[in-house]
Amino acid sequence: MAKNVVVVGMAWGDEGKGKIVDLLAEKASAVVRFQGGHNAGHTLVVNNVKQILHLIPSGILHEHVQCYIGNGVVVSPSALLDEIKQLEEHGINVRARLSVSHACPIVLPSHIALDQAREAKSGDRKIGTTGRGIGPAYEDKAARRSIRIGDLYQWDDAKERIVDLFAYHNFLLQHYYEVEPVDVEETLADFARFAVEMRPLVKDTLAAVHGHRERGENVLFEGAQGAMLDVDLGTFPYVTSSSTSAGGVCTGTGFGPRYIDEVVGVTKAYATRVGEGAFPTELQDETGKYFAEKGNEFGATTGRERRCGWLDAVALKHAVHMNSVSTMCLTKLDVLDSLEKIRICSAYEFSNGQAFRGEFGERSLRAIEPKYEELDGWMESTEDIVDVGELPEEAIKFVHRVEDLLEVPVGIVSTGANRAATIVRDDTIFN
Ligand code: IMP
């Protein structure tokens with residue numbers, strides 16, 4: 001029976017969702033993005049060639065897959081067109097298989113300028129954003145003044161609204177942030193061109209995605225960032241500005257909750273975070289450095305070094321609840337290969353003895369102490385293992401312990417960057 005499956009990150013992003021979506025896309029007819037924008041960076045390695053996708057769904061490398069950018073995604077036309085061009089240079093026929101919702105709010109150059117100016121002015125309180133204008137673009141959506149993709153096709157009206165919006169943005173840039181304004185004439189000229197180039201891609205994605213469901217085809221929804229960066233449920237205010245959890249699918253594509261069959265939660269076998277904000281299991285020692293080096297923990301979008309730490313089962317349990325995760329994927333297991341002892345955070349405690357009550361905001365997470373369990377490492381290579389029977393006993397124990405703590409089965413284990421380096425313990429996700 002066909003299924004509608006959501007793939008989400010369970011932590012602070014960079015869990016390896018791109019690889020899992022690419023893998024599951026083999027059996028899907030459609031892959032749909034529902035939130036975020038070009039702040040995301042999904043790294044895929046196919047036949048040893050690395051591709052980094054920011055806006056285009058990770059299903060694009062499969063010729064049989066239709067890709068959709070749903071209304072919940074904020075779209076920078078220039079980033080989108082650049083990415084299409086890059087993929088086309090690799091011989092991938094993007095335009096025949098990509099559709100963009102007319103209801104996507106546009107990321108304007110002034111949003112990018114505002115994001116960067118705000119971060120620069122915030123000093124110690126900066127969020128550590130990707131500087132892609134994502135926050136200001138979502139603010140304008142909530143304030144009901146966004147220019148949406150479909151608006152570009154009523155150009156005279158869109159032009160007027162862009163001019164008005166720039167007047168407001170430039171006022172803030174010049175008089176509040178005291179930086180240079182953004183040239184509206186240049187933006188108008190660019191956008192007139194972008195509108196023409198994007199015209200064939202702009203569709204009623206809502207109807208098209210439901211069409212796949214009605215024809216009994218598998219549909220995959222691809223999350224960006226991760227649960228702990230969710231604007232409502234993450235480590236607020238150090239979060240992104242969208243609903244990164246499975247609920248975002250419903251509002252970000254118009255696909256109601258009863259149509260969703262499975263939610264696949266992806267986590268690394270350890271934890272990472274880019275940008276500022278609380279990170280209870282962070283390691284600022286040799287082990288942290290080991291994770292960064294062995295795991296090649298540098299941001300796919302900004303190149304920033306990621307902060308690294310132990311797997312945090314308390315935060316992951318929060319992600320299980322908010323997403324209703326039915327199956328987990330554990331990625332980068334091989335990064336743990338050389339560790340003698342492996343820790344898992346299984347509880348939080350306040351120093352004053354008060355119980356942790358599930359408040360995952362910044363203030364609360366700064367005040368807790370992580371409590372760890374220690375497991376024996378396996379001290380041998382698991383890289384590129386594809387058969388669960390070949391995993392060392394201690395590695396299997398680690399996987400089982402994660403399952404016990406989170407009360408969700410681990411259906412997929414990833415043992416390397418390549419598509420092939422994957423152990424599929426449960427092949428029923430799409431059956
Ligand atoms: P923004 O999404 O650019 O506003 O950044 C807000 C926070 O989300 C920052 O901590 C970023 O580092 C983080 N973030 C945004 N996109 C990603 C991603 O794709 N992976 C990991 N972190 C991200």
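Our structure's up above, just so we're on the same page.
Since the model is a prediction, treat every value here as computed from it, not as a measurement.

### As for the overall build of the protein chain
So, point 1. Along the protein chain, the regular secondary structure elements total twelve helices and 17 strands.
So, point 2. Across its three principal axes, the protein chain shows a C-alpha extent of roughly 65 × 50 × 40 Å.
So, point 3. Relative to its full complement of 431 residues, the protein chain shows a buried share of 58%.
So, point 4. A separation threshold of at least 6 residues defines the contact pool for the protein chain, and within that pool the share at least 24 residues apart is 76%.
So, point 5. Entry remark: accessible area of the protein chain is about 18200 Å², with carbon and sulfur atoms responsible for 47%.

### Topic: helix H10 (residues 313–323)
One turn of the α-helix equals 3.6 residues, which is why residues spaced by three or four share an orientation.
So, point 1. With ten of eleven residues buried, H10 lies mostly within the body of the structure.
So, point 2. Looking at H10, one finds that the buried residues are Ala-313, Val-314, Ala-315, Leu-316, Lys-317, His-318, Ala-319, Val-320, Met-322 and Asn-323.
So, point 3. Close packing links the buried residues of H10 with strand E1 (4–9), strand E9 (262–268), strand E12 (311–312), strand E14 (341–350) and helix H12 (393–406).
So, point 4. Put simply, Asp-312 is the residue that caps the front of H10, since its side-chain oxygen is 3.0 Å from the backbone nitrogen of Val-314.
So, point 5. Downstream of H10 by a residue or two, Ser-324 has a phi angle that is positive, lying close to 50°.

### Brief notes about the sheet that holds strand E17 (residues 422–424)
So, point 1. Judged by pairing direction, the sheet is mixed, and its ten strands sit side by side in the order E7-E6-E5-E2-E8-E1-E9-E13-E16-E17 without closing on themselves. Edge positions in the sheet fall to strand E7 (202–203) and E17, since each of these pairs with one other strand and no more.
So, point 2. In this sheet, strand E8 (residues 219–222) lies alongside strand E2 (residues 30–33) in parallel orientation, the contact comprising four bridges. Bridge pairing in E8 places Val-31 opposite Leu-220.

### Things to note about the site of the ligand
So, point 1. Asp-14, Asn-39, Thr-130, Thr-240 and Arg-304 are the nearest of the 16 residues found near the ligand.
So, point 2. Here an oxygen atom of the ligand and a backbone polar atom of Gly-128 are 3.3 Å apart.
So, point 3. Here the residues of the shell around the ligand sort into six nonpolar, eight polar and two charged.

### What about the pattern of salt bridges?
Opposite charge on two side chains permits them to pair, given that their charged atoms come into close proximity.
So, point 1. All chains considered together, the criterion is met by 26 salt bridges.
So, point 2. When the shortest N-O distance is used, the salt bridge between Glu-15 and Lys-17 registers 2.8 Å.
So, point 3. Of the residues examined, Glu-15 reaches a relative accessible area of 2% and is grouped as buried.
So, point 4. Arg-118 is paired through a salt bridge with Glu-139; the nearest N and O atoms lie 2.7 Å apart. One end of the pair, Arg-118, is in helix H3 (residues 109–122); the other, Glu-139, is in helix H4 (residues 134–142), and 21 residues separate them in sequence.
So, point 5. The network of salt bridges with shared partners includes Asp-14, Lys-268, Glu-297, Arg-306 and Lys-332.

### Describing the nonpolar core
So, point 1. Judged by nonpolar contacts, the single largest core of 58 residues is most densely connected at Leu-24, Val-75, Leu-80, Leu-98 and Leu-220.
So, point 2. Examining the composition of this core, we find that six residues originate from one element, helix H6 (residues 184–198), more than from any other.
So, point 3. Among residues more than four places away in sequence, those in contact with Leu-80 are Leu-55, Ile-56, Ile-69, Val-75, Leu-98, Val-100 and Met-198.
So, point 4. Listed in part, the 52 residues of the second largest apolar core include Val-6, Ala-246, Phe-255 and Leu-283.

### Examining the packing of aromatic side chains
So, point 1. Under the defined criterion, the tally for this structure stands at 13 aromatic pairs.
So, point 2. Through a chain of ring-to-ring contacts, three or more aromatic side chains come together here, namely Tyr-270, Tyr-290, Phe-291 and Trp-310.
So, point 3. The ring centre of Tyr-259 lies 3.8 Å from the NZ or CZ of Arg-213, which sits over that ring.

### Considering the sheet that holds strand E15 (residues 368–376)
So, point 1. The mixed open sheet is built from three strands, whose spatial order is E12-E14-E15. The outermost strands of the open sheet, each flanked by one partner alone, are E12 and E15.
So, point 2. Pairing between E14 and E15: nine bridges, direction antiparallel. Considered in E15, the bridge of Lys-341 is made with Asp-376.
So, point 3. In this fold H10 packs onto E12 and E14, with an angle of close to 75° to the strand it touches most, E14.

### With respect to the side chain of Thr-331
So, point 1. Looking at the element boundaries, Thr-331 is found in strand E13 (residues 327–331).
So, point 2. Apart from the residues within four sequence positions on either side, Thr-331 is in contact with Glu-15, Gly-16, Ile-20, Val-266, Thr-267, Lys-268, Ala-269 and Ser-414.

### Details of the environment of Gln-116
So, point 1. By secondary structure assignment, the location of Gln-116 is in helix H3.
So, point 2. Gln-116 sits in the partly exposed class, given a relative accessible area of 44%.
So, point 3. With twelve residues separating them along the chain, Gln-116 and Gly-128 place their C-alpha atoms 9.8 Å apart.

### Some points on unusual backbone geometry
So, point 1. Cis peptide bonds are those with omega within 30 degrees of zero, and the linkage from Phe-236 to Pro-237 qualifies with 5°.
So, point 2. For Pro-237, the location among the structural elements is in the loop between E8 and helix H8 (247–253).
So, point 3. Of note in the backbone geometry, Asp-14 takes a positive phi value of approximately 60° without being a glycine.
So, point 4. One can find Asp-14 in the loop between E1 and helix H1 (17–24).
So, point 5. At Lys-332, a position not held by glycine, the phi torsion is positive, near 60°.

### Concerning the packing of H3 against H4
So, point 1. Viewed as axis vectors pointing N to C, H3 and H4 meet at an angle of 115°, and their least axial separation amounts to 7 Å. When you trace H3 past H4, the crossing you get is right-handed. Seen from H3, the contacting residues are His-111, Leu-114, Asp-115 and Arg-118; seen from H4, they are Ile-134, Pro-136, Ala-137, Glu-139 and Asp-140.
So, point 2. Taken together, the residues of the contact of H3 with H4 sort by class into four nonpolar, one polar and four charged.

### Some points on helix H5 (residues 155–176)
So, point 1. Between its terminal C-alpha atoms H5 stretches 30 Å, which fits the 32 Å expected from 22 residues at 1.5 Å a residue.
So, point 2. Residues of H5 that are buried: Ala-158, Ile-162, Leu-165, Phe-166, His-169, Asn-170 and Leu-173. All buried residues of H5 fall inside an arc of 140° around its axis, so they share one side. Turned more than 90 degrees from where H5 packs its buried face, Asp-156, Glu-160, Asp-164, Ala-167, Phe-171 and His-175 sit exposed.
So, point 3. Where H5 is buried, its residues meet H3, H4 and H6.
So, point 4. Directly after H5, the chain includes Glu-178, whose backbone phi takes a positive value near 55°.

The rules behind the values
- Residues numbered from 1 in each chain as written.
- Predicted model: local features only at pLDDT ≥ 70, side-chain atom pairs only at ≥ 80, totals over all residues.
- Heavy atoms only, no water.
- Helix = DSSP H or I, 4+ residues; strand = E, 2+ residues; numbered from the N terminus.
- Buried < 20%, exposed > 50% of the residue type's maximum accessible area, 1.4 Å probe, protein only.
- Contact = heavy atoms within 4.5 Å.
- Areas by Shrake-Rupley, 256 points an atom, 1.4 Å probe, with all protein chains shown as cover.
- Polar contact = N/O pair within 3.5 Å; in protein donor to acceptor, adjacent residues only side chain to side chain.
- Pairing = 2+ DSSP bridges.
- Near = heavy atom within 4 Å.
- Nonpolar A, V, L, I, M, F, W, Y, C, P; charged D, E, K, R; others polar.
- Salt bridge = Lys/Arg side-chain N within 4 Å of Asp/Glu carboxyl O.
- Core = buried A, V, L, I, M, F, W, Y, C linked by side-chain atoms within 4.5 Å.
- Phe/Tyr/Trp six-rings, centres within 6.5 Å; stacked < 30°, edge-to-face > 60°.
- Lys NZ or Arg CZ within 6 Å of the ring centre and 35° of its normal.
- Axes fitted to C-alpha atoms, helices over the stretch in contact; angles between N-to-C directions.
- Left-handed = near helix turned anticlockwise from the far one by under 90°.
- Expected span 1.5 Å × (residues − 1).
- Arc of directions from axis to C-beta.

Taken by themselves, the reported measurements are silent on function.
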